[in-house]
Amino acid sequence: MKKIGFIGVGNMGGTLAKIAVKALGAEAICVSNRTPEKAQSFAEETGCSALNNEALAQSADLIFLGVKPQKMAGVLEAIAPVLAQRTDRFVLVTMAAGLTTERIAALAGGAYPVIRIMPNTPALLGQGVIPYCGNELVTQADFDLLTAALDGAGLVTPLPENLIDAASSVSGCGPAFVYIFIEALADAGVSCGLPRQTALEFAAQTVLGSAKMVLETGEHPGKLKDAVCSPAGSTIAGVKALEDGGFRSAAENAVLAAFRRNKELGK
């Protein structure tokens, strides 16, 4: 049985570890964390095993690095001697913004197979987006093991590495932007007289339904928008207010700012 390890069980690492537990079973999963108590608590919750970083690096076939970009060098430096002593095959899986597969291999101190993924938090509900790529040492069997571990996460799809930062800026950072929009819709609904919980439910369901319309009809969002806008109606009045307020430009600038920051984190 292949062993899947997660170094770091924070928001993203913990989300993917839970997905892997559901996909492959708890006996296949091991976790570690900077705070050992957190790893132990996670293991007790999910049924997987808790190890330290070195033991995990010694035994796992896929080693997920749920580590922030600024902390990656230190974590890899600490486990590099363990990795260097291994004679069996293993794959490093990074989810750190901005860090390329080449950079991860260099920090780990060897010519190792490295897969790079950029997940987002809706993966926990099976509605995520996880683009992935790998260096030249990654085999199709490695990718198959990755997709098996992430089965049920949502859209798990290959992408050239030169597009990963762009994808992360849309799908990885995008949920935060969408949450702000949902909150704003709900706040406005409260201003119009709706109870807070009702406004929040209506706003969230409206975003969910609208997204499904785009995905399931295949229509361009502009065409779907036009279909809601009756002549001289309330919707077109609201659309004009959004355009006057720079909504479209602000959304584009948010993605571009995230993209620039991804590039900075990789330096």
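Since we're looking at a predicted model, the values are computed, not measured.

### So, the overall build of the protein chain
- Looking only at helices and strands, the protein chain features 12 helices and 8 strands.
- In the protein chain, which comprises 267 residues, the proportion classed as buried is 40%.
- Sequence separation of 24 or more characterises 63% of the internal contacts of the protein chain that already satisfy a separation of 6 or more.
- A total accessible area of about 14,300 Å² is found for the protein chain, and carbon and sulfur atoms account for 59% of it.
- Averaging the locations of the 22 positively and 25 negatively charged side chains of the protein chain gives two centres separated by 4 Å.

### Overview of a nonpolar patch on the surface
- Residues F181, L185, L242 and F247 make up a contiguous nonpolar surface patch of roughly 310 Å² in combined accessible area.
- Relative to the helices and strands, F181 is located in helix α8 (residues 174-191).

### Describing the nonpolar core
- Core analysis: the largest hydrophobic core is formed by 34 residues, its most contacted members being L16, F64 and I117.
- By residue number, the principal contributor to this core is helix α1 (residues 11-24), which donates 6 residues.
- Listed in part, the 24 residues of the second largest apolar core include I7, A57, L92 and L99.

### A short note on the packing of aromatic side chains
- Under the criterion given, the structure shown has 4 aromatic pairs.
- Here F90 and Y112 contribute two aromatic rings whose centre-to-centre distance is 5.0 Å and whose plane-to-plane angle is 50°, an arrangement assigned as tilted. Placement of the pair is F90 in the loop between α4 (69-85) and β5 (91-94) and Y112 in the loop between α5 (101-108) and β6 (114-117), with a sequence separation of 22 residues.
- On the basis of relative accessible area, Y112 is assigned to the buried category, the value being 11%.
- For the pair Y132 and F143, a centre-to-centre distance of 5.3 Å together with 45° between the ring planes defines the contact as tilted. Here the residue Y132 occupies a position in strand β7 (residues 128-134), and F143 occupies one in helix α6 (residues 140-149), the gap between them amounting to 11 residues. F143 matches Y132 in its accessibility class, with the two residues each being buried.

### A closer look at the pairing of β5
- Residues of β5 alternate between two faces, with V91 and V93 on one and L92 and T94 on the opposite face, all of them buried.
- One crossover worth recording links strand β4 (residues 62-65) to the parallel β5 by way of α4, and it is right-handed.
- Looking at chain direction, β5 and β6 are connected through 3 bridges and run parallel. Paired with V93 across the two strands is I115, which belongs to β6.
- Viewed along the sheet, the connection from β5 through α5 into β6 turns out right-handed.

### Brief notes about helix α9 (residues 196-217)
- With 22 residues, α9 should reach 32 Å at 1.5 Å per residue; the first-to-last C-alpha distance of 31 Å fits that figure.
- On its buried side, α9 packs onto α8.
- Directly beyond the C-terminal end of α9, a positive phi value near 75° is found at G218.

### Things to note about the environment of I104
- Among the structural elements, I104 can be located in helix α5.
- The sequence separation of I104 and F177 amounts to 73 residues, and the corresponding C-alpha distance is 29 Å.
- Beyond its immediate stretch of four places on either side in the chain, I104 contacts L65, M72, L76, L92, T94, L99 and V114.

### Quick word on the state of the cysteines
- In total, this model carries 0 disulfides according to the counting rule given.
- Free cysteine: C48, not disulfide-bonded; nearest cysteine sulfur from C30 at 7.8 Å.
- Look at C48 and you get buried, because its relative accessible area is 9%.
- In this structure C192 is a free cysteine whose sulfur lies 17 Å from that of C229, the closest cysteine sulfur available.

Definitions and limits used
Residues numbered from 1 in each chain as written. Predicted model: local features only at pLDDT ≥ 70, side-chain atom pairs only at ≥ 80, totals over all residues. Heavy atoms only, no water. Helix = DSSP H or I, 4+ residues; strand = E, 2+ residues; numbered from the N terminus. Buried < 20%, exposed > 50% of the residue type's maximum accessible area, 1.4 Å probe, protein only. Contact = heavy atoms within 4.5 Å. Areas by Shrake-Rupley, 256 points an atom, 1.4 Å probe, with all protein chains shown as cover. Lys, Arg positive; Asp, Glu negative; His and termini not counted. Charge placed at Lys NZ, Arg CZ, Asp CG, Glu CD. Patch = residues over 30% accessible without salt bridge, like charges linked within 9 Å, V, L, I, M, F, W, Y side chains within 5 Å. Salt bridge = Lys/Arg side-chain N within 4 Å of Asp/Glu carboxyl O. Core = buried A, V, L, I, M, F, W, Y, C linked by side-chain atoms within 4.5 Å. Phe/Tyr/Trp six-rings, centres within 6.5 Å; stacked < 30°, edge-to-face > 60°. Right-handed = clockwise from strand over helix to strand, strands pointing away. Pairing = 2+ DSSP bridges. Expected span 1.5 Å × (residues − 1). Disulfide = S-S within 2.5 Å.

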